[in-house]
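# Fold and contact review
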Amino acid sequence: MVFNTGLCFALAGVALALPEIMQLPPSNLQTVMGAFLIGLCCITLLEITLDKNFGIDLVALHTWLNYDNVRPGRMAPNSALGFICAGLVLVLMNHVNSKWQAIAVQVLTYVVLVIGLTGLVGYYLNQDLLFGWARSARMSINTAIGMIVTAGALRFSWHHADWYRSQKYLREDQKITLASAAIIIVVIITAGLTSFVVLQQTLEATLNQSLRTKLSERKVLFRTIINAGINKAQVIAQNYLVTQRFIESSRNDQLKQELAEEARKILGSQFTGVTLFDPLGKQIFAGGQNRSADNIQIKLNTQTSATLFWDDGFFLKTEFPIEIQTRQIGKIVLEQKMDEFEHQMFNIDGLGASAEIAICTAVKTKIQCFPNTVKSTPFMVEPVGAAGHPLPMAYALQSETGFVQALDYRQKNVAAFFSPLSNNLGIVVKEDTAELYAGIRDALVSCSLIICILSGFGIVLLRFQLHPLTSRLFSSENKLRKSEKRLKAIADNIPAIIAHLDVEERYLFINAQTSKTFDAGDIDIIGHTIKEIRDPELYAHLQPYIRMVLSGQRVTFESSLNLNGKPTHLQSSYVPDIDADDNVVGFYAMTFDITIPKNNELRQRELEQQLRTITDNLPVLITYIDKELNFKFCNRTMFKWMGIEPQDIINHPVTDLFGITFFEQARAQMDRALRGERVEFSSELTVRNVTRLLQTTYIPEQISDGSIVGIYTLSSDVTDSKIIENKLTMLARVDSLTGLPNRLQLNEKLNEAINRKKRSKKAMAVMFIDIDHFKSINDTMGHAAGDAVLREFGRRLKAAVRTTDTVARMAGDEFVIIIEEIQTVEEAKLIAEKIIEQANQIWQIGAQQLSVTTSIGVAFNLDEDLNSDELLAIADKALYRTKANGRNGYFILPPVVC
Ligand SMILES: Nc1nc2c(ncn2[C@@H]2O[C@H](COP(=O)(O)OP(=O)(O)OP(=O)(O)O)[C@@H](O)[C@H]2O)c(=O)[nH]1
């Protein structure tokens with residue numbers, strides 16, 4: 001991986017990971033990083049296109065690498081394209097505001113993935129060997145994996161973006177189609193290329209085996225040919241005749257001639273040169289061509305001195321000592337042409353046209369090779385190719401045996417099998433990979449076309465197959481979303497805390513009220529357990545109910561807690577969440593804040609208690625009777641009056657308590673009250689031998705629809721007050737001193753008498769009576785004596801008239817008598833005189849005696865229609881006349897006609 005590739009990965013990684021780690025909102029960081037990636041990689045692509053170096057390759061950083069790129073430090077074009085796509089995604093993904101931008105973000109991400117995958121497959125496919133151009137597009141395995149990871153990270157990043165989740169620009173079905181298309185492309189490309197990798201590796205294995213066999217065959221053949229040449233020369237050298245000739249030739253010139261003759265015979269038998277030396281090393285014969293062997297010669301590692309060399313053909317030069325009984329008597333040097341060797345070197349049957357069999361040796365720092373099918377003359381090559389890798393022959397000359405695919409001395413990709421042939425002699429059998437893989441490359445090209453067509457066809461087919469499904473999915477998702485939205489809106493607007501939890505007591509859903517009540521956002525609650533969020537005391541309180549609901553029971557309970565510093569009453573209902581298999585998979589919790597109703601209830605209870613205390617202590621029987629005439633409420637007076645505990649009669653009918661008789665008395669009033677009338681009445685109730693006079697009020701209870709639902713009854717025991725009232729009434733109408741009617745009663749009686757007089761047509765008289773000089777009695781005898789006189793006077797007056805007449809005390813010493821049913825004035829006179837007479841009787845007051853006189857004024861009325869005031873005024877006037885006449889008498893007005 002070059003420096004710039006690493007830098008791009010680092011920047012993309014920071015841009016994608018930092019906001020996730022730091023929990024930051026989508027920031028400008030990603031845009032800036034994305035823009036940088038686009039800029040850097042566009043310059044790289046420009047460099048590649050224009051074949052220029054703008055100085056961004058940072059070559060100096062890459063010199064230490066044994067790097068075979070002709071442009072060290074330059075990012076591969078497919079890597080650059082991948083980063084441009086990744087950069088575009090980074091720039092776009094937080095600013096998507098159209099459908100096409102949404103599609104672009106997704107497609108570009110999948111392009112990054114495809115680049116990574118093709119890079120990965122290309123790495124294993126050895127694409128350089130198949131296509132010459134692919135060398136510059138070679139992606140390291142690290143870069144390919146990095147691209148795939150980057151694509152995954154990009155997808156993860158925008159998958160959580162609002163525009164993607166909201167489905168504002170892409171509906172769910174479109175997302176599925178896009179993702180499926182991407183998967184199809186990725187799967188087809190990966191599967192197609194992977195099968196090629198397998199195919200290529202199989203081919204490579206076959207090729208390897210084939211080259212190995214060819215090399216082994218050639219190696220054995222060459223060795224056999226050389227050994228055969230050496231053996232042939234050895235047979236000549238050890239030929240008895242030749243040896244004998246050698247021995248004898250030293251003594252006899254004739255024999256020397258014969259030896260030369262014998263040597264010439266050797267020349268005729270495939271040897272191209274023969275040279276003989278005597279024991280002193282002096283050449284005694286030289287025949288044949290005796291090649292120079294200047295071009296290339298290799299001393300073979302054999303027991304015999306043997307040299308292989310090229311001089312317009314392969315030659316083997318051997319040197320044998322001529323010995324008799326281990327005594328060297330001379331030396332023979334034989335040269336023979338290696339036609340079979342040459343034939344085998346140039347015979348590439350069974351191999352491709354680009355095949356080459358090379359036999360080379362190391363010469364100083366270089367490699368010198370024999371001619372072959374590629375080069376017709378010996379040639380020298382450097383042991384290391386232009387790309388920096390050793391040539392296959394270099395391995396062979398290091399006594400290594402094996403297979404390699406590498407650049408050869410011609411800068412061509414070859415597949416080569418190498419092995420040492422002899423000491424300092426290596427053999428390589430190789431063939432151009434372009435020829436070897438021609439079949440697979442052509443198949444790959446045509447297959448790529450088929451892959452593209454298949455992908456396109458697959459996408460179209462998928463589109464048609466998926467569309468009805470995704471449409472249905474979209475429609476049902478839409479419905480579901482709407483229903484979820486509706487439910488959420490309802491849940492959020494219910495004044496209750498609503499939550500959905502799993503069996504681990506982990507919050508899965510909460511409504512807005514929950515966040516508000518606990519002053520915490522969704523993130524703080526969703527995914528956390530109750531134990532993690534609530535304080536231990538509250539959790540301990542909730543635990544039994546949680547256990548119950550998780551066992552499948554529905555529970556309702558109340559809790560009191562201090563919430564945000566306020567004492568709060570909550571009423572919770574836990575409902576189990578049961579799946580289709582009847583397993584409890586969680587529960588729904590609904591909690592209502594009942595602080596206000598609870599406080600109201602407590603206040604109500606307090607008020608009721610206060611009211612009960614008040615009503616229980618009122619001397620009044622208070623009940624509430626419903627319209628079915630059952631008791632619904634009763635105060636403590638019930639026990640006091642009837643000896644029945646109030647709670648014992650609740651819900652009992654009225655007849656159970658009061659009996660049918662009382663009920664019949666009260667029935668009419670109850671019916672009136674049940675018709676909505678306020679009813680007051682008096683009644684008498686006798687219970688346990690106690691009779692009570694009751695003053696009862698029935699108040700109907702009318703509800704909003706106007707109907708009567710019951711009656712409040714208030715019954716007061718007025719027995720005592722009636723007596724007092726009677727007494728008071730009496731007191732108010734009677735003179736306390738004399739016991740005679742007072743002025744009030746007199747007026748009543750007078751009016752009654754006037755009415756009676758009108759009906760009877762008889763006369764009546766009203767007498768005003770005053771004790772004469774009463775003051776002096778008080779003054780002389782005391783006030784008590786005065787009182788006694790007044791009482792006695794009243795008694796005497798009563799005695800003087802009929803019981804039907806009325807004697808009343810007006811005030812002080814003034815009395816009034818109403819005389820009814822008289823016929824004449826004479827009768828009045830007689831009564832007056834009788835009174836005077838009674839008054840004139842001796843008075844015994846205590847121990848004292850005294851005499852009293854009285855004056856009387858009489859108003860007599862026979863025909864006139866006079867009212868009480870007029871009668872009294874006339875009587876008063878008459879009294880005045882009496883007084884004026886000297887007292888102790890009477891005067892009658894009006895003047896009487898007798
Ligand atoms: N002992 C007593 N005295 C009363 C009572 N009521 C009024 N008196 C007194 O009765 C007296 C009435 O006096 P007057 O009405 O002036 O008349 P009188 O002394 O009878 O004089 P004449 O009527 O002119 O003959 C007053 O002195 C009253 O104080 C009472 O209930 N008891």
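This one's a predicted model, so the numbers in the text were calculated from it and none came from an experiment.

On to the overall build of the protein chain, then. When helices and strands are tallied, the protein chain shows 28 helices and 29 strands. Counting all 898 residues of the protein chain, 44% fall into the buried class. Once local pairs closer than 6 in sequence are excluded, the contacts in the protein chain between residues at least 24 apart make up 56%. For the protein chain, the computed accessible surface area is about 47200 Å², with 56% contributed by carbon and sulfur atoms.

Before going further, it helps to examine the packing of aromatic side chains. For the structure on display, the rule yields 17 aromatic pairs. Here F379 and Y409 contribute two aromatic rings whose centre-to-centre distance is 5.5 Å and whose plane-to-plane angle is 35°, an arrangement assigned as tilted. Taken together, the residues F379 in strand β9 (residues 379-381) and Y409 in the loop between β10 (402-407) and β11 (413-422) connect sequence positions 30 residues apart. Judged by its relative accessible area of 9%, F379 is buried. Joined through ring pairs, the aromatic side chains of F222, W310, F314, F341 and F370 make up one cluster. Cation over ring: K331 sits above F277, and NZ or CZ is 4.9 Å from the ring centre.

Once that is clear, we can look at the site of the ligand. If you check the shell around the ligand, you find 17 residues, and the closest are F774, N778, R809, K883 and R887. Between the ligand and the protein, one listed contact pairs an oxygen atom with a backbone N or O atom of H773 at 2.7 Å. N778 is positioned such that a nitrogen or oxygen atom in its side chain is 2.4 Å from a nitrogen atom of the ligand. Residue assignment for the shell around the ligand shows that the elements contributing at least two residues are β23 (763-771), α25 (774-781) and α26 (783-800). With 4 residues, the top contributor of residues to the shell around the ligand is α26. Partitioned by chemical class, the residues of the shell around the ligand number 4 nonpolar, 5 polar and 8 charged.

Taking 1.5 Å of rise per residue, 21 residues should cover 30 Å, yet helix α22 (residues 654-674) covers just 14 Å from first to last C-alpha, more than 12% shy of that figure. Taken as a whole, α22 carries its principal kink of about 95° at I660. Among the residues of α22, those classed as buried are V654, L657, F658, F662, F663, A666, Q669, M670 and A673. One or two positions beyond α22, positive phi appears at G676, with a value near 105°.

Attention now goes to the sheet that holds strand β25 (residues 814-822). With mixed pairing, the 5 strands of this open sheet are ordered in space as β24-β25-β23-β28-β29. Two strands close off the open sheet at either side, each with one partner strand: β24 (806-811) and β29 (890-893). If you compare each strand with its neighbour and ignore which way they point, the axes differ by 20° on average. When β23 meets β25, the two strands line up antiparallel, connected through 7 bridges. In the sheet register, D770 faces β25, and the bridge partner there is E814.

Attention now moves to the UniProt feature "transmembrane region" (unreviewed entry) in the protein chain. UniProt's entry tags residues 27-46, 80-97, 103-125, 137-158, 178-199 and 443-464 with the feature "transmembrane region" (unreviewed entry), counted in the numbering of this structure. Secondary structure across residues 178-199 divides into 100% helix and 0% strand, with the first and last C-alpha atoms of the span separated by 31 Å.

Tracing the backbone shows L16 in helix α1 (residues 3-21). The exposure class assigned to L16 is buried, which follows from its relative accessible area of 9%. When near neighbours in sequence (up to four residues on either side) are disregarded, L16 contacts Q30, L90, M93, T150, A153, L154 and S157.

All right, on to the nonpolar core then. Among soluble globular proteins, nonpolar side chains are generally buried collectively. Counting residues in hydrophobic clusters, the biggest one holds 56 residues, and the most contacted among them are L308, I332, F341, I359 and F370. When residues in this core are grouped by element, the largest group, 14 residues, is from helix α8 (residues 172-237). Two domains share this core, each providing at least three of its residues, namely domain 2 (238-341) and domain 3 (348-436). For I359, the residues in contact, after removing those within four places along its chain, are F222, F341, M345, Q368, C369, F370, M393, L421, L425, G426 and I427. By size, the runner-up hydrophobic cluster in this structure holds 47 residues, among which are C85, V96, W158 and W163.

Inspection of the entire model under this criterion finds 30 salt bridges. Two residues, K775 and D779, come together in a salt bridge whose shortest N-O distance is 3.2 Å. With a gap of 4 residues between them, K775 and D779 both fall in helix α25, about one helical turn apart. Each member of the pair, K775 together with D779, is exposed. Among the ionic pairs, E826 bridges to K829, the shortest N-O distance being 3.3 Å. On the criterion of helical spacing, the pair formed by E826 and K829 is a turn pair, its members being 3 residues apart in helix α27 (residues 825-840). Overall, E826 belongs to the partly exposed group, its relative accessible area being 37%.

Rules behind the numbers
- Counting of residues starts from 1 at the beginning of each chain's written sequence and follows it residue by residue.
- Where local features are concerned, this predicted model is filtered to residues with pLDDT of at least 70; where side-chain atom pairs are given and counted, the filter is 80 or more; whole-chain, interface and lining totals use all residues.
- The basis for the side-chain values is all heavy atoms of the structure; hydrogens and waters are excluded.
- For the purposes of this entry, the term helix denotes a DSSP run of H or I that reaches at least four residues, the term strand denotes a run of E that reaches at least two, and both are numbered from the N terminus.
- Relative accessibility under 20% of the residue-type maximum defines a buried residue, over 50% an exposed one, and the middle range a partly exposed one, all with a 1.4 Å probe and only protein chains included.
- When checking whether two residues touch, look at their non-hydrogen atoms; a contact exists if any pair is within 4.5 Å.
- Each accessible area is a Shrake-Rupley result for a 1.4 Å probe, and residues are judged covered by the shown protein chains and nothing else.
- When the centres of two rings from Phe, Tyr and Trp lie within 6.5 Å, Trp using its six-membered ring, the rings pair. Their planes under 30 degrees apart give stacked, over 60 give edge-to-face, and anything left gives tilted.
- Charge-over-ring contacts are defined here by two conditions on Lys NZ or Arg CZ: a distance within 6 Å of the ring centre and an angle within 35 degrees of the ring normal.
- Nearness here has a simple test: a residue counts as near a molecule or strand if at least one of its heavy atoms is within 4 Å of that partner.
- As used in this structure description, the phrase polar contact means that two N or O atoms lie within 3.5 Å; if the pair is within protein, one of them must be able to donate a hydrogen and the other to accept it, and residues adjacent in sequence are counted only when both atoms belong to side chains.
- Residue classes follow a fixed rule: Ala, Val, Leu, Ile, Met, Phe, Trp, Tyr, Cys and Pro count as nonpolar, while Asp, Glu, Lys and Arg count as charged, and any other residue, Gly among them, counts as polar.
- Expected helix span is given by 1.5 Å per residue-to-residue step, counting one fewer step than there are residues.
- Two axes define the bend at a residue: one fitted to the seven residues ending there, one fitted to the seven starting there, and the bend is the angle between them.
- One bridge is not enough; two strands pair if DSSP finds at least two bridges between them.
- Where helices are involved, their axes are fitted lines through C-alpha atoms of the stretch in contact, as for all axes, and angles between N-to-C directions lie from 0 to 180°.
- UniProt positions are given in the numbering used here, feature names are shortened, and annotations may be inferred rather than shown by experiment.
- Put simply, buried Ala, Val, Leu, Ile, Met, Phe, Trp, Tyr and Cys residues joined by side-chain atoms within 4.5 Å make one nonpolar core.
- Segmentation of the chain into domains, including their bounds, is taken from an automatic or database domain assignment.
- Throughout this description, the term salt bridge denotes a Lys or Arg side-chain nitrogen within 4 Å of a carboxyl oxygen of Asp or Glu.

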